[in-house]
Amino acid sequence: MSRFRIFVPADTTACALGADEVAAAIVAAARGRHIEIELVRSGSRGAFWLEPLVEVETDTGRMAFGPVEARDVPGLFVSGFPGDSSHVLAIGPVNGIDWLASQQRLTFSRAGWTDPLSLDDYRSTGGLRGLERALTMTAQAIVDEVKESGLRGRGGAAFPTGIKWQTVLDAPAEQKYIVCNADEGDSGTFADRLLMEADPFQLIEGMAIAGLAVGATEGFIYLRSEYPRCKAVLEQAILRAQKAGVLGEAILGSDRSFRLELRIGAGAYICGEETSLLDSLEGKRGMIRFKPPLPAIKGLMGQPTVMNNVLSLAAVSTILALGAAHYRDFGSGRSRGTLTVQLAGNIRRGGLVEIPFGATLRDLVEGYGGGTASGRPVRAIQVGGPLGAYLPEADWDVALDYEALAAVGAMLGHGGIVVFDDTVDMAQQARFAMEFCAVESCGKCTPCRVGSVRGVEVIDRIIAGDNREFNLQVLDDLCDTMDKGSLCAMGGLTPMPVRSAIRHFQNDFGG
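Okay, so let's go over this structure.

### A short note on the sheet that holds strand β6 (residues 177-182)
Here is step 1 of the chain: Spatially, four strands are ordered β8-β7-β6-β9 in an open sheet, and the strand pairing comes out parallel. At either margin of the open sheet sits one strand with a lone partner, and together these are β8 (259-264) and β9 (305-309). Each strand axis lies, on average, 20 degrees off the axis of its neighbour in the sheet, ignoring direction.
Here is step 2 of the chain: Where strand β7 (residues 218-223) lies against β8, six bridges are found, and the strand directions are parallel. Following the sheet pairing, glycine 219 is matched in β8 by leucine 260.

Below, the structure written as structure tokens:
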């Protein structure tokens, strides 16, 4: 091969680990050796434990090297890179990496394979087929397809997407909106960011399909302010989609229109809640709205609004392209399609895993994650973000689907899995949950605003051994008040990690 095509990820995680420096070193080394290369800044495959992962396109497929540091690059070239190389960092064929090969990627099928900002790459790998099909269908037929797929909200609430769309379709209004909740604030989560940085056109396509489904001509992506690289990718992707006629007044040459804007979030966790997000999008302070009315009836600017998470909207492009039955065939029970989990915390092989619903925590943490980074035994696993339950080993064989986790007092949420080894102090973790709520509360309702502050004080007394049994009862009563009296999930779910820590790890509370 006279010209080598080399891929180096440009996503946030890979760059934090030195991918920009690796890319620059490869370009410099190739120039110095008069080797002609084409450097493609791809998205990450989500195998963060191998980042920066460098890939070379060969006649027999992609060959992988990783994790590569800039100082490794001269040695790579000495060993024959980018041709046949026996370097110690040579992994072999990308398709031979079992960690990736054993996954069933639908939503993340392009991640790492393509140039995220190339519409040609996107089309050549099946992109826009869903939108092209949607343009031949009635709005009701599109909604029915989404209903039949069994797709549920991937942002945490797990509400059936098709039913939400049906509500917006049936609501009479001259103007309707599609809003993508990309304010990914849960600790240990990064799937939304990874998809937007690795495959932004998939989200754009899904939002355009949603517009066709409910009669909306305008859409907004509300992006977390802490994602500057993602912002740059989305800005470029939207401009290129507009120039190519994927967005605008005549979608793919049709008589249908859909305009899309990117808006940056307010830096507040509470703006991940849909009504707070809408207030922020309207230029107000992000605070919870009373419900009803639901956003599907009275949302952005008081108009019917589809509010979905990044992964939900991205999945729609797959459903329309391959059919509802294809998507529904993955998963188990009422949890259809694929489960996207993010392995973080004290984990040896952190990253994104996409597999059908039904796997267990043990499968993921021990199988894909390889246990703890510290090498010590796993003690607790938190599932579902900072408001999710801490699960002991007795619950690690429960199937990861919405209903099975609910049965053990937990939730799947956005699929964040944070691992702790046996050195963790679970009383301090319970305190962190209450403190997190106190810091991030919008302040609108008393149970959340005051309850979280009092919760921190009570937990501090318990940790200090001050009238322990009495204060444990006070904390339980306080959790009841927050659970039943809070206006939204911020205060309503904070008791979940607190109570799970007390229930499963009593010794850390002086029991």
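### Notes on helix α2 (residues 19-32)
Here is step 1 of the chain: Here α2 is 14 residues long and its end C-alpha atoms lie 20 Å apart, about the 20 Å a rise of 1.5 Å per residue gives.
Here is step 2 of the chain: For α2, every residue scored as buried is listed here: Ala19, Val22, Ala23, Ala25, Ile26, Ala29 and Ala30. Looking straight down α2, one finds that the buried residues subtend no more than 165 degrees of arc, so they occupy a single side. For α2, exposure combined with an orientation more than 90 degrees from the buried face picks out Arg31 and Gly32.
Here is step 3 of the chain: Against β1 (4-9), α1 (12-16), β2 (37-42), β3 (54-58) and α3 (73-78) lie the buried residues of α2.
Here is step 4 of the chain: Of the residues trailing α2, histidine 34 is marked for its positive phi of about 60 degrees.

### Considerations on the state of the cysteines
Here is step 1 of the chain: If you walk through the whole model with that rule in mind, you get zero disulfides.
Here is step 2 of the chain: In this structure cysteine 445 is a free cysteine whose sulfur lies 5.1 Å from that of cysteine 448, the closest cysteine sulfur available.
Here is step 3 of the chain: Of the residues examined, cysteine 445 reaches a relative accessible area of 13% and is grouped as buried.
Here is step 4 of the chain: Note on cysteine 488: no disulfide assigned, nearest cysteine sulfur contributed by cysteine 442 at a separation of 6.2 Å.
Here is step 5 of the chain: According to the relative accessible area criterion, cysteine 488 is buried, its value standing at 15%.

So, how was this worked out
- Residues numbered from 1 in each chain as written.
- Predicted model: local features only at pLDDT ≥ 70, side-chain atom pairs only at ≥ 80, totals over all residues.
- Heavy atoms only, no water.
- Pairing = 2+ DSSP bridges.
- Helix = DSSP H or I, 4+ residues; strand = E, 2+ residues; numbered from the N terminus.
- Axes fitted to C-alpha atoms, helices over the stretch in contact; angles between N-to-C directions.
- Expected span 1.5 Å × (residues − 1).
- Buried < 20%, exposed > 50% of the residue type's maximum accessible area, 1.4 Å probe, protein only.
- Arc of directions from axis to C-beta.
- Contact = heavy atoms within 4.5 Å.
- Disulfide = S-S within 2.5 Å.

This is a description of form; function is not addressed.
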